[in-house]
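Overview (structure and organization)
Now for the letters of each chain:
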Amino acid sequence: MTTLVNCNGIAKRYMRGTQSRGGTVSVDVLASVDLQIRAGDFIALMGPSGSGKTTLLNLLGGLDRPTRGTIEVAGQMLNAMTGATLAQWRSAHVGFIFQFYNLLSVLTAQHNVELPLLLTHLTRAQRQKNAATALQIVGLADRANHKPGELSGGQQQRVAIARAIVADPQLLLCDEPTGDLDRATADEILGLLQSLNREHGKTIVMVTHDPKAAEYARTALHMDKGRLVEAATERSAS
Amino acid sequence: MTMWGLLFANLFRHRTRTTLTLLSLMIAFLLFMLLRAIAAAFAGGVTVAGMDRLIVDAKYSMSDNLPLASVAQIRALDGVAGVAQMNWFGAYYQDPKNGFAQYVVDPAAFFDVYRELIVESDVVKQFAATRIGVIASTSLAQKYGWHTGDAIPLHGLLWPKQDGSWDWQFQLIGTFAYPNGAPDQPLLLLHYEYFNEAVAVWARNQVGWLAVRVSDPQRLDDVANEIDALYKNSSDPTRTVSQDEYSRAQASQFGDMGFITTMILSAVFFTIVLLTGNTALQSFRERVPELAVLKTLGFTDTAVGALVLGEALLLCVTGAGLGIALALLLEPGLNSNLVTIIGRFDMTWQSVLFAVGIALLIGFGIGIPPAWAARRLTIVDALRGH
C-alpha cells in the first residue's frame, strides 16, 4: 500500500491566556510526531484526554497548522498552502465526522449532505443525486427530508458520515464518532466506518477513548503527552 | 440545495425573530416613503413658482393688509406688466373640517399674472361678470362633487358681512387646472368686487397681498426695490420678494419639513440599526459552531463571511422591499385623500432608489461586524467551544 499521509516532526504549541490577564502561557500539545499512514488503512488513535489526539487529527485535516514540522497528504504539502487553498483542499480530499455530528439544524438530511458539493462545479441535479447515493450508502435514504432534530443520535451520525463521503474524499477523519451514542448504535456506526474502509477503500483515522471502538480499526496508535508512545498495533479486524 | 437556499434557511432559522425584524424594517421604510412624499409635496409648492413674479406683502406681518390703492400705484411702475390682488378669505364649506384655500381676487388680473393656470377664457369672462361667482381648482370641485351653477355656501371665520352674518353664498362658474407636474392644490377663487361690497365696512378697500408680474424677469430685484421704496415712508411699508422666496416663507410656517423629516427618519433608522444589528450579532453568536463546520467542509473564510453579510443584506433589502411595496400600494388612496391638504402626494423612483440605498447601507452596517468575525473565526477554537 502507498503512503497517503506523511508527518515529519510535527509539533504544536498553543498560547493560553491573554497579556492583559497576567500574561500568556505556552502549552506544547504535540512534540515532534512522526507518522506515516498507508492508503486504505483504518487507524484508531487512542490515548488519555489531553494527549494530543484531536490536535493531531486537526493537523492531518488541515484545520490547524503545526508550529513545526511538515505534513504531506497525497503528495501535497499542507504547510505550504494558503488558507483558501487549504479550504479547497479539505473540500476535495478530507471528510470529517465529529462526536456531536455538527449538522446544520435548519437543513434537511439531504441538504446537509449536499453542503460540501456546493463548492464543486456539479449541477444541482448531480448534487442531489450524489447526496441521495451517500444517504443510501449509510442506510438513510428514507430520512432524506428530515431535519436533524427529527432524527436519533445514530441517524444524525449517519447523515454526518454521508456528508463526509459525498465528495468522495480519500481520507476520513473521525473525532470520537461514537462518543455520544449507546453501545448498539455505536457498533452500527463503527460497522459502517469499517465497511467504508473495506468496501470503498477509504483511509480512516479515528480518535477514540473506547477500546471496543478501536477493535474495528486495522491499526491502533497510542498517544500520551503529545507523543506517539507505542508502535502501531496491527490487528486483523473481525 | 443552493447558496441562496442556504442563505434563506439561515435567515429563517428563528422565524418569529426574523418576521418581527422584517416587520420593523417594513414599517421603517413605509414611514420613510410617506415622509419623503410629504416633504416633497411641501417642497413642490415652492418650486412651481413663477420666475417672473414678485409678491408684495405688508412689511412687518403677513396678517397686515395693504391699501387697495397700492394696486394701481404699483401697476403704474416701470417694468410692471400686471398686478393681482389677493385676500385670504378663510372660510369653510358646510363643515369646519372642510377647510381649503380661498383667495379673493380680481378675476382678469389674477389670470393675467398667473398665466400658467389652465382656464377657458369664457370662464374668466363669466367669472368677472358674475359678482357672486367663484371658480375652483379641478381637484377641489371633484372632491366636493361641484358642478357649474352649483351654489357654494361658505361660513366665514375672518370676514363678517356688513349685516353681521358670517354666511356667504356663492355660485360656481367653472374650474381651472394647474399645469402638468405642478401640485394640484385645492383652491377657490372669489370675486373681489362682491367681497369688498358685502364685507363689513372696517374691512373694505384692503388687500392681503399682491402678485406682480414683471415684464423682464432679469429686473425682478430692481422692481422689488422700487416697490418697497415707494412705500418706505408710508403707513403701510411693504416687503417685496420673489414668488420662490415667498413660497419658501409660507412653507416654513409649517416648520422646516425637510429638517423634521430628516430628524424623524434618523431616529427611526437609528433604532432599526440597533435592533437589526443586535439580531445579526445574536444570530452570529448562536451559529459559531455551524460556521466552523462550514469552514471544515471547505468553505473559505471569505465565503463564510460573505454568507453572514449576505443574510444581513437580504434581511434589510427584503424588509425595505416590503415597506416600499406597501407604500406604493397605499399611494393612490393617500393621494386622493391628501391632495386637498398638501397637494400632490407622489412617491418618486428617486425615493425608491434612496430607500434601497439606505437598506443596503444598513445591511452593510449591521452585517460587516459579524461577517468580519465569521471570517476571522478559527475552526479549532470554534469547534472547541461547542
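Residues numbered from 1 in each chain as written. Chains lettered and ligands numbered in written order. Predicted model: local features only at pLDDT ≥ 70, side-chain atom pairs only at ≥ 80, totals over all residues. Heavy atoms only, no water.

1. Some details on the packing of aromatic side chains
Residue and element names in this part refer to chain B. Enumeration according to the criterion identifies 27 aromatic pairs over all chains in this entry. When the centroid spacing of 6.0 Å and the interplanar angle of 70° are considered together, the rings of Phe100 and Trp146 count as edge-to-face. With Phe100 in the loop between β4 (91–92) and β5 (101–105) and Trp146 in the loop between α6 (138–144) and β7 (151–156), the pair connects residues that are 46 residues apart, well separated along the chain. The exposure class of Phe100 is buried, given its relative accessible area of 8%. A residue is classified by how much of its surface remains accessible, and Trp146, at 6% relative accessible area, is buried. Both rings, one in Tyr144 and one in Trp146, keep their centres 5.3 Å apart while their planes meet at 25°; by these two values the pair is stacked. In textbook terms, an aromatic cluster arises when at least three aromatic residues are bridged by ring pairs, as seen for Phe89, Trp159, Trp168, Phe170, Tyr192, Tyr194, Phe195 and Trp202. Over the face of the ring belonging to Trp168 we find Lys161, whose NZ or CZ atom lies 5.7 Å from the ring centre. (Phe/Tyr/Trp six-rings, centres within 6.5 Å; stacked < 30°, edge-to-face > 60°. Helix = DSSP H or I, 4+ residues; strand = E, 2+ residues; numbered from the N terminus. Buried < 20%, exposed > 50% of the residue type's maximum accessible area, 1.4 Å probe, protein only. Lys NZ or Arg CZ within 6 Å of the ring centre and 35° of its normal.)

2. Notes on the sheet that holds strand β12 (residues 238–242) of chain B
All names here are of chain B. The strand order across the open sheet formed by 10 strands is β4-β7-β8-β6-β9-β5-β3-β11-β1-β12, and the pairing between neighbours is mixed. In this open sheet, the two strands that pair with only one neighbour each are β4 and β12. Pairing geometry for β5 and strand β9 (residues 187–191), over 5 bridges, is parallel. Counterpart to Val104 in the pairing with β9 is Leu190. Packing against the sheet, helix α5 (residues 121–129) makes contact with β5, β6 (133–137), β8 (167–176) and β9, and its axis sits at approximately 160° to β8. (Pairing = 2+ DSSP bridges. Contact = heavy atoms within 4.5 Å. Axes fitted to C-alpha atoms, helices over the stretch in contact; angles between N-to-C directions.)

3. So, the confidence of the model for chain B
Per-residue pLDDT for chain B has a mean of 88; in total, 92% of the residues score no lower than 70. Interface confidence for the predicted complex, expressed as ipTM, amounts to 0.91; the pTM equals 0.71. (pLDDT = per-residue confidence, 0-100.)

4. Things to note about the side chain of Thr240 of chain B
Residue and element names in this part refer to chain B. Positionally, Thr240 belongs in strand β12. Judged by relative accessible area, which is 9%, Thr240 ranks as buried. For Thr240, the side chain forms a polar contact with the side chain of Asp228, separated by 2.7 Å. Not counting residues within four places of it along the chain, the set of residues in contact with Thr240 comprises Leu54, Ile55, Val56, Ala224, Ile227 and Asp228. (Polar contact = N/O pair within 3.5 Å; in protein donor to acceptor, adjacent residues only side chain to side chain.)

5. Quick notes on the interface of chain A and chain B
With 27 residues of chain A at the interface, the matching set in chain B holds 21 residues. Its largest share of buried area at the contact with chain B, chain A owes to Leu104, Val106 and Leu118 of chain A, together 22% of the area lost on that side. On inspection of chain A and its partner chain B, the count reaches 5 residue pairs in polar contact (both at pLDDT 80 or more). No other element matches the 5 residues that helix α2 (residues 83–93) of chain A contributes to the side of chain A that touches chain B. (Buried area = accessible area lost by both parts, 1.4 Å probe.)

6. Points about the domain arrangement of chain B
Domain assignment breaks chain B into domain 1 (3–44 + 255–385) and domain 2 (61–236). Look at where the C-alpha atoms of domain 1 of chain B and domain 2 of chain B centre, and you get two points 49 Å apart. (Domains from an automatic or database assignment.)

7. Quick word on the pattern of salt bridges
Once their charged atoms are close, side chains differing in charge can pair, the charge on each being opposite to the other. Residue and element names in this part refer to chain B. Per the stated rule, a full pass over the model turns up 20 salt bridges over all chains. Salt-bridge contacts for Asp78 lead to Arg219; the nearest nitrogen and oxygen are separated by 3.9 Å. Of this pair, Asp78 sits in the loop between α3 (69–75) and β3 (80–88) while Arg219 sits in the loop between β11 (209–214) and α8 (220–230), and the two are 141 residues apart along the sequence. By relative accessible area, Asp78 is classed as exposed at 53%. Judged by its relative accessible area of 26%, Arg219 falls in the partly exposed class. Here Arg219 ties to Glu226 by a salt bridge, and the two come within 3.8 Å at their closest N and O atoms. One continuous salt-bridge network, built from bridges that share partners, spans Asp78, Arg219, Asp222 and Glu226. (Salt bridge = Lys/Arg side-chain N within 4 Å of Asp/Glu carboxyl O.)

8. Brief notes about the environment of Trp159 of chain B
Tracing the sequence through the fold places Trp159 of chain B in the loop between β7 and β8. Within the local environment of Trp159 of chain B, its side chain forms a polar contact with the backbone oxygen of Trp88 of chain B, the two atoms lying 2.8 Å apart.

9. Side note on the nonpolar core
Ranked by size, the top nonpolar core spans 91 residues in total, and within it Leu56, Leu60 and Leu115 of chain A together with Leu6 and Phe29 of chain B carry the most contacts. At 12 residues, the largest contribution of residues to this core is made by helix α12 (residues 301–342) of chain B. Residue contacts for Leu56 of chain A: discarding those within four places in its chain leaves Ile10, Leu30, Val33, Leu35, Leu45 and Met223 of chain A. (Core = buried A, V, L, I, M, F, W, Y, C linked by side-chain atoms within 4.5 Å.)

10. Some remarks on the environment of Leu220 of chain B
All names here are of chain B. Position of Leu220 relative to the elements: it lies in helix α8. Judged by its relative accessible area of 12%, Leu220 is buried. Along the sequence, Leu220 and Trp209 sit 11 residues apart, while their C-alpha atoms lie 17 Å from each other.

11. Description of the sheet that holds strand β2 (residues 25–38) of chain A
Residue and element names in this part refer to chain A. Ordered by their spatial adjacency, 4 strands build an open sheet running β2-β1-β4-β5, and the pairing between neighbours is antiparallel. The open sheet is flanked by β2 and β5 (76–77), the only strands paired with a single partner. Pairing of strand β4 (residues 68–73) with β5, which is carried by 2 bridges, proceeds in the antiparallel orientation. Along β5, the bridge assignment pairs Val73 with Gln76.

12. Overview of the pairing of strand β8 (residues 203–207) of chain A
All names here are of chain A. Most of β8 sits inside the fold, with 5 of its 5 residues counted as buried. In β8, alternate side chains face the same way, and those of Thr203, Val205 and Val207 on one face and Ile204 and Met206 on the other are all buried. With 4 bridges joining them, strand β3 (residues 42–46) and β8 adopt parallel strand pairing. Following the sheet pairing, Leu45 is matched in β8 by Val207. Bridge count for strand β7 (residues 171–175) against β8 is 5 bridges, and the pairing is parallel. Counterpart to Asp175 in the pairing with β8 is Val207. For the handedness criterion, the β-α-β arrangement of β7, helix α6 (residues 183–199) and β8 is classed as right-handed. (Right-handed = clockwise from strand over helix to strand, strands pointing away.)

13. Side note on helix α11 (residues 288–297) of chain B
Residues and elements named next belong to chain B. Most of α11 sits out of view: 9 of its 10 residues are buried. Within α11, the full set of buried residues consists of Val288, Glu290, Leu291, Ala292, Val293, Leu294, Lys295, Thr296 and Leu297. Within two residues after α11, Gly298 carries a phi angle of roughly 120°, on the positive side.

14. As for the packing of helix α10 (residues 257–286) of chain B against helix α13 (residues 349–376) of chain B
Residues and elements named next belong to chain B. Following both chains from N to C, one finds α10 and α13 inclined at 30°, their axes separated by 10 Å at the closest point. Here α10 lies roughly parallel to α13, going by the angle between them. Crossing handedness for the pair α10 and α13: right-handed. For the pair formed by α10 and α13, the contact residues are Phe269, Ile272, Val273, Thr276, Gly277, Ala280, Leu281 and Phe284 on the first element and Ile358, Ile362, Ile366, Pro370, Ala373 and Ala374 on the second. Its residues assigned to classes, the contact of α10 with α13 comprises 12 nonpolar, 2 polar and no charged. (Parallel < 35°, antiparallel > 145°, perpendicular 65-115°, else oblique. Left-handed = near helix turned anticlockwise from the far one by under 90°. Nonpolar A, V, L, I, M, F, W, Y, C, P; charged D, E, K, R; others polar.)

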